[in-house]
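Structure assessment
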Amino acid sequence: MNRKEARLRVVGGQGTSPAGVAGRGARARLDRDRVLTAALALVDREGLDALSMRRLGAELGVEAMSIYNHVPDKGAILDGLCEVMLAELGDGGVEGDWREVARVQCVRFREVGRRHPAAFSLFSTRPIGAYASARDLSEAMLSGLRAAGFDRATAIMAYRTVVRYVLGFVLAEVAVRTEGAGGGAPVSERAHPLFAEMLVALRDDDADGLFTFGLDVLLDGLAARLHAPSAGVTPRS
């Protein structure tokens, strides 16, 4: 290679190189989806406290100010993380009656929490608008409850209750997985045999079995209301 071929080209007073061209291309391709994907990956690795505009910019290889072209502030990123996680639930596509649909969606929601334990806590702290991306799925679930015979108010209460069951269960599950069951004062099996047995169950922590049991109890209770018209069921003609 001669000197002319090796000489760095100068365009508009600035040197160019394959790395520089690639860097500008990467910045040009920055968009909201890429910002949110990088933010979720960061939170998954290091937790919510690690998320800042400066740190996110470093993850993306851009200046922090560039991010504001795609999201207005950090709050919008946090809401966007809820949106990304809810998108993992899919668009429904579950065959069966209202109980089966609810069961499948609850299992999927729990799986989202297990994949994103740090970010999942946002569902308990972000404003209602953060849930807007799940409107189609929620409408389908609510319509299924209405079709089963629940009146509008009870269908909404039932749906909210089921969602909160999963949310609370996953938050507790994540806390136990993160902090551990702990020790505590010794318990006499003779004086408190049932409580001692429960502590053994807590240490063994069959989370899947407990989740299924609780969900069954909740859905069975809702199903029982279908036989009690005074408890929020629309009479069928």
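Let me begin by describing the structure that accompanies this report.

Conventions and cut-offs
- Residues numbered from 1 in each chain as written.
- Predicted model: local features only at pLDDT ≥ 70, side-chain atom pairs only at ≥ 80, totals over all residues.
- Heavy atoms only, no water.
- Helix = DSSP H or I, 4+ residues; strand = E, 2+ residues; numbered from the N terminus.
- Buried < 20%, exposed > 50% of the residue type's maximum accessible area, 1.4 Å probe, protein only.
- Contact = heavy atoms within 4.5 Å.
- Polar contact = N/O pair within 3.5 Å; in protein donor to acceptor, adjacent residues only side chain to side chain.
- Patch = residues over 30% accessible without salt bridge, like charges linked within 9 Å, V, L, I, M, F, W, Y side chains within 5 Å.
- Areas by Shrake-Rupley, 256 points an atom, 1.4 Å probe, with all protein chains shown as cover.
- Salt bridge = Lys/Arg side-chain N within 4 Å of Asp/Glu carboxyl O.
- Expected span 1.5 Å × (residues − 1).
- Core = buried A, V, L, I, M, F, W, Y, C linked by side-chain atoms within 4.5 Å.
- Phe/Tyr/Trp six-rings, centres within 6.5 Å; stacked < 30°, edge-to-face > 60°.
- Lys NZ or Arg CZ within 6 Å of the ring centre and 35° of its normal.

**Some remarks on the overall build of the protein**
Of regular secondary structure, the protein possesses 12 helices and two strands. Its helices and strands in sequence order give the protein the pattern α-β-β-α-α-α-α-α-α-α-α-α-α-α, from N to C terminus. Buried residues in the protein amount to 32% of all 237 residues. Once local pairs closer than 6 in sequence are excluded, the contacts in the protein between residues at least 24 apart make up 69%.

**What to know about the side chain of Arg-110**
Relative to the helices and strands, Arg-110 resides in helix α7 (residues 98-115). In this structure the side chain of Arg-110 is engaged in a polar contact, spanning 2.9 Å, whose partner is the side chain of Asp-208. Contact partners of Arg-110, with chain neighbours within four places excluded, come to Val-166, Phe-169, Val-170, Glu-173, Ala-207, Asp-208 and Phe-211.

**Digging into the side chain of His-116**
Structurally, His-116 is set in the loop between α7 and α8 (117-120). Those residues in contact with His-116 that lie beyond four places of it in its chain are Leu-40, Asp-44, Met-85 and Glu-88.

**Focus on the environment of Val-107**
One can find Val-107 in helix α7. With a relative accessible area of 34%, Val-107 lands in the partly exposed category. Taking C-alpha positions, Val-107 is 9.5 Å from Leu-215, a pair spaced 108 residues apart along the chain.

**Examining a nonpolar patch on the surface**
Judged by side-chain polarity, Val-187, Phe-195, Met-198 and Leu-202 come together as a nonpolar surface patch covering roughly 340 Å² of accessible area. Its relative accessible area of 42% is what places Met-198 among the partly exposed residues.

**Re helix α12 (residues 207-225)**
The α-helix winds at 3.6 residues per turn, so residues separated by three or four positions along the chain end up facing the same way. For α12, with 19 residues, the first-to-last C-alpha span of 28 Å sits near the 27 Å given by 1.5 Å per residue. Among the residues of α12, Ala-207, Phe-211, Gly-214, Leu-215, Leu-218, Leu-219, Leu-222 and Ala-223 are the ones counted as buried.

**Quick look at the nonpolar core**
A general tendency of soluble globular proteins is for nonpolar side chains to be buried together. With 57 residues, the main nonpolar core has Leu-51, Leu-56, Ile-67 and Ile-77 as its most contacted residues. When contributions to this core are tallied by element, the ones reaching two or more residues are α3 (32-46), α4 (53-60), α6 (74-87), α7, α8, α9 (135-148), α10 (152-179) and α12. The element that contributes the greatest number of residues to this core is α10, accounting for nine residues. In this view, Ile-77 contacts Val-35, Leu-36, Ala-39, Leu-51, Met-53, Leu-56, Ile-67 and Val-71; residues no more than four positions away in its chain are not counted.

**Things to note about the packing of aromatic side chains**
Using the criterion set out here, one finds eight aromatic pairs in the structure. An angle of 70 degrees between the planes, with centres 5.2 Å apart, marks the rings of Phe-120 and Phe-123 as edge-to-face. Geometrically, the ring pair formed by Phe-169 and Phe-211 is edge-to-face, given 5.2 Å between the ring centres and 70 degrees between the ring planes. With Phe-169 in helix α10 and Phe-211 in helix α12, the pair connects residues that are 42 residues apart, well separated along the chain. Phe-211 matches Phe-169 in its accessibility class, with the two residues each being buried. Grouped by ring-pair contacts, the aromatic residues Phe-109, Phe-120, Phe-123 and Tyr-131 constitute a single cluster. Taking NZ or CZ as reference, Arg-110 lies 4.9 Å from the ring centre of Phe-211, over its face.

Note that all results are geometric; they support no functional claim without further evidence.
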